[in-house]
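# Coordinate inspection notes
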Amino acid sequence: MSSIGTGYDLSVTTFSPDGRVFQIEYAAKAVDNSGTVIGIKCKDGIVMGVEKLIASKMMLTGSNRRIHSVHRHSGMAVAGLAADGRQIVARAKSEATNYESVYGEPIPVKELAERIASYVHLCTLYWWLRPFGCGVILGGYDRDGPQLYMVEPSGISYRYFGAAMGKGKQAAKTEIEKLKLSEMTCRDGVIEVAKIIYKVHDEAKDKAFELEMSWVCDESKQQHQKVPDDLLEEAKVAARAALEEMDAD
Amino acid sequence: MNFIASKQPENRLLGPESDTQRTLYPYVTGTSVVALKYKDGILMAADMGGSYGSTLRYKSVERMKPIGKHSLLGASGEISDFQEILRYLDELILYDNMWDDGNSLGPKEVHNYLTRVMYNRRNKFNPLWNSLVLGGVKNGQTYLGMVNMIGVNFEDNHVATGFGNHLARPILRQEWHENLSFEDGVKLLEKCMRVLLYRDRSAVNKLQIAKITEEGVTISQPYSLKTYWEFSAFENPAQGAIGSW
């Protein structure tokens, strides 16, 4: 899929003769180089998981959060340039609190996704701004139930029942498609997401990684929060066991 | 307290503020809040009245609200300003929760935040017309503080606002002691609230008692105090009165 966009790739305000904006495509490559990020919609909520590649052994576990709460009922997992991601999260938080102060109810997830997508798209329209080098998976629970959206650096946003970004996204998508999500509860979803992340993690290319997971479901009272430590441990153990089973074959 | 009602900016540093107005006087007010520390935490009482001047207009105003996991806020004074303060605190607590780092704002922190807000508003001559009582428990430490519209703030074992300062605190000074049980604390609060009911004309006989402990906040259902009006001096109050002036 890579083609040299000689001359047509210098600015985000330039189209190529075959109708592509190369800068946006390059921005998407930044997302593809980051650790895998997965989100799934189970029958009672959303589960999101991130494969946090550890750059240095000096890093404290639990730091460098990749999943952020955007409001009580929704959260965002970021893939790509972390600093760009921080900006998107800040904007999302501000949109959410602003909506609530004007309309008196928590921002519907659909509305939030639209606003974020608009904002990300905005940065692809002017030559003095560069596109965001990160994509986000937004999971939330509102009056219409749990919803999962993915926003890409181009500003596209779709609603999904299973989404993946980053290095292992193709493999992750295949795995997600195998799951019967409409019958799964979030408790089981957490285990499945952990298994998928462990499976698509490339032991050869990337050394260590830390698994970060969050959920928003009936069990968490429709609040977005980190998956409780005991459940996270259980998931990690199950994931490692599943890997070993596979290796044993 | 004299607030000049002119629309011209007082000092040139402010610039064209002629479109905005500042709080001049309160409209719908709540009367006293009384609170004390007891063995397991804080007990707070407030009636449910919202007075419109001398009319007891609203009789189901909840003047005590939980804040986050560890605090309880009671307010007297302008009800709309109280609602605004609740919105500020809601945002404060939301942002604190979104860190998701295992820490949460305790009563001391919330009290400090409120003090800053109240004092800064007062300095701009646009106060939030309230006297606030903030109590809570975090990590076994009980905290009870007060801050009012001019920014005066302090913490103590028992606090009261408005008329409660004059009628309830003397009772509390006499009868409060460390490690009150829940029942004794409630009895003491009810004693204070009864005096206030008899003597404060903006009090209503419908009150709530709230308690906050390490486990959390409980605000009771509204109830009434029993009052006694059969004192012989009240039966025929004018008897023996010597003429008029």
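Given the structure is predicted, the values throughout are model-derived calculations rather than measurements.

### So, the UniProt feature "domain: Proteasome alpha-type subunits" (unreviewed entry) in chain A
Within this numbering scheme, the UniProt entry marks residues 8-30 of chain A as carrying the feature "domain: Proteasome alpha-type subunits" (unreviewed entry). For residues 8-30 of chain A, helix accounts for 39% and strand for 0%, while the C-alpha atoms at its two ends are 19 Å apart.

### Some remarks on helix 5 (residues 186-200) of chain A
Here helix 5 of chain A is 15 residues long and its end C-alpha atoms lie 21 Å apart, about the 21 Å a rise of 1.5 Å per residue gives. Cys186, Gly189, Val190, Ile191, Val193, Ala194, Ile196, Ile197, Tyr198 and Val200 of chain A are the residues of helix 5 of chain A that are buried.

### Considerations on the interface of chain A and chain B
Listed per partner, the contact involves eleven residues of chain A and eight residues of chain B. Of the roughly 820 Å² buried where chain A meets chain B, counting both sides, 49% is carbon and sulfur surface. By the criterion of area lost to chain B, the three top residues of chain A are Arg72, Lys93 and Thr97 of chain A, representing 47% of everything that side buries. At the junction of chain A and chain B, the tally comes to two salt bridges. A salt bridge links aspartate 90 of chain B to arginine 72 of chain A, with the nearest nitrogen and oxygen atoms 3.3 Å apart.

### Observations concerning the confidence of the model for chain B
Atomic detail in the predicted coordinates should be set aside for any region of low pLDDT. When pLDDT is averaged across chain B, the result is 90; 91% of the residues are at 70 or more. Scored below 50 in pLDDT, residues 1-12 of chain B shows 14 contacts in the model against residues more than four places distant or in partner chains.

### Brief notes about the pairing of strand 12 (residues 207-213) of chain B
Residues and elements named next belong to chain B. Among the seven residues of strand 12, six are classified as buried, and the element is accordingly described as predominantly covered. Looking at chain direction, strand 3 (residues 41-47) and strand 12 are connected through seven bridges and run antiparallel. Its bridge partner being in strand 12, aspartate 47 is matched across the sheet by leucine 207. For strand 12 and strand 13 (residues 216-219), the ladder comprises four bridges, and the chain directions are antiparallel. Its bridge partner being in strand 13, isoleucine 212 is matched across the sheet by valine 217.

### Quick word on the packing of helix 2 (residues 82-103) of chain A against helix 1 (residues 79-98) of chain B
Each packed pair of helices is defined by two parameters, the angle between the axes and the distance between the axes. Viewed as axis vectors pointing N to C, helix 2 of chain A and helix 1 of chain B meet at an angle of 150 degrees, and their least axial separation amounts to 12 Å. By the angle class used here, helix 2 of chain A and helix 1 of chain B are roughly antiparallel. Crossing of helix 2 of chain A over helix 1 of chain B shows right-handed handedness. Along the contact surface, helix 2 of chain A presents Lys93, Ser94, Thr97 and Ser101 of chain A, while helix 1 of chain B presents Arg87, Glu91, Leu94, Tyr95 and Met98 of chain B. Tallied by class, the residues present in the contact of helix 2 of chain A with helix 1 of chain B amount to three nonpolar, three polar and three charged.

### Concerning the nonpolar core
Residues and elements named next belong to chain A. Ranked by size, the top nonpolar core spans 29 residues in total, and within it Ile38, Ile40, Val47, Val190, Leu211, Met213 and Trp215 carry the most contacts. The set of elements that each furnish at least two residues to this core consists of strand 1 (37-42), helix 4 (169-178), helix 5, strand 9 (209-217) and helix 6 (229-248). With nine residues, helix 5 is the largest single contributor of residues to this core. If we ignore the near neighbours within four places in the chain, the residues touching valine 47 are Ile38, Gly39, Ile40, Cys42, Cys186, Gly189, Val190, Val193, Met213, Ser214 and Trp215. Residues Met76, Val89, Ala117 and Val136 belong to the second largest nonpolar core, which totals 23 residues.

### With respect to the pattern of salt bridges
Considering all chains together, one arrives at 24 salt bridges over all chains under this definition. Here arginine 65 of chain A ties to glutamate 212 of chain A by a salt bridge, and the two come within 3.1 Å at their closest N and O atoms. Note that arginine 65 of chain A is positioned in the loop between strand 2 (45-53) and strand 3 (67-71) and glutamate 212 of chain A in strand 9, a separation of 147 residues in sequence. Judged by relative accessible area, glutamate 212 of chain A falls into the buried class, the value being 6%. Between arginine 130 of chain A and aspartate 84 of chain A there is a salt bridge, with the nearest N and O atoms lying 2.7 Å from each other. Of the two residues, arginine 130 of chain A sits in the loop between helix 3 (109-122) and strand 5 (134-142) while aspartate 84 of chain A sits in helix 2, which places them 46 residues apart along the sequence. You can call arginine 130 of chain A exposed: its relative accessible area is 51%. By sharing partners, the salt bridges in this structure join Lys52, Arg65, Glu210 and Glu212 of chain A together with Asp100 of chain B into a single network.

### Looking at the sheet that holds strand 11 (residues 158-160) of chain B
Residue and element names in this part refer to chain B. An order of 11-2-3-12-13 is seen for the five strands of this open sheet, with the pairing classed as antiparallel. Each having just a single partner strand, strand 11 and strand 13 make up the two edges of the open sheet. On average, each strand axis in the sheet is tilted by 10 degrees relative to the strand beside it, whichever way the strands run. One ladder, built from five bridges, connects strand 2 (residues 33-37) with strand 3; its direction is antiparallel. Directly across from alanine 35, in strand 3, lies its bridge partner methionine 44. Each of strand 2 and strand 11 touches helix 3 (residues 163-175); the most contacted strand, strand 11, lies at about 160 degrees to it. Most of the contacts of helix 4 (residues 182-199) go to strand 3, to which it runs at about 25 degrees, and overall it touches strand 2, strand 3 and strand 12.

### Considerations on the packing of aromatic side chains
Each aromatic ring pair is specified by the distance between its two centres and by the angle formed by the two planes. According to the stated counting rule, one finds eleven aromatic pairs over all chains in the structure shown. Note on tryptophan 127 of chain A and tryptophan 128 of chain A: the rings are 6.0 Å apart at their centroids and 85 degrees apart in plane angle, and the pair reads as edge-to-face. For the residue pair tryptophan 127 of chain A and tryptophan 128 of chain A, the accessibility class agrees, reading exposed in each case. Ring centres of tyrosine 198 of chain B and tryptophan 229 of chain B lie 5.2 Å apart, and the angle between their planes is 85 degrees; on these two criteria the pair is classed as edge-to-face. Remark: tryptophan 229 of chain B occurs in the loop between strand 13 and helix 5 (232-235) and tyrosine 198 of chain B occurs in helix 4; sequence separation between them is 31 residues. When its relative accessible area of 30% is taken as the criterion, tyrosine 198 of chain B is described as partly exposed.

### A word on the side chain of lysine 93 of chain A
Topologically, lysine 93 of chain A is positioned in helix 2. Setting aside residues up to four positions removed in sequence, lysine 93 of chain A forms contacts with Ser69 and Val70 of chain A together with Tyr95 and Met98 of chain B.

### A few points about the packing of helix 1 of chain B against helix 2 (residues 107-123) of chain B
All names here are of chain B. Between helix 1 and helix 2, whose axes approach to 12 Å, the crossing angle comes to 135 degrees. Taken together, the axes of helix 1 and helix 2 are oblique relative to one another. Between helix 1 and helix 2 the crossing geometry is right-handed. Packed against helix 1, whose contacting residues are Ile85, Tyr88, Leu89 and Leu92, the element helix 2 presents Val110, Tyr113, Leu114, Val117, Met118 and Arg121 at the interface. Looking at the contact of helix 1 with helix 2 residue by residue, the classes come out as nine nonpolar, no polar and one charged.

Parameters and conventions
Residues numbered from 1 in each chain as written. Chains lettered and ligands numbered in written order. Predicted model: local features only at pLDDT ≥ 70, side-chain atom pairs only at ≥ 80, totals over all residues. Heavy atoms only, no water. UniProt positions renumbered as here; feature names shortened; annotations may be inferred. Helix = DSSP H or I, 4+ residues; strand = E, 2+ residues; numbered from the N terminus. Expected span 1.5 Å × (residues − 1). Buried < 20%, exposed > 50% of the residue type's maximum accessible area, 1.4 Å probe, protein only. Contact = heavy atoms within 4.5 Å. Buried area = accessible area lost by both parts, 1.4 Å probe. Salt bridge = Lys/Arg side-chain N within 4 Å of Asp/Glu carboxyl O. pLDDT = per-residue confidence, 0-100. Pairing = 2+ DSSP bridges. Axes fitted to C-alpha atoms, helices over the stretch in contact; angles between N-to-C directions. Parallel < 35°, antiparallel > 145°, perpendicular 65-115°, else oblique. Left-handed = near helix turned anticlockwise from the far one by under 90°. Nonpolar A, V, L, I, M, F, W, Y, C, P; charged D, E, K, R; others polar. Core = buried A, V, L, I, M, F, W, Y, C linked by side-chain atoms within 4.5 Å. Phe/Tyr/Trp six-rings, centres within 6.5 Å; stacked < 30°, edge-to-face > 60°.

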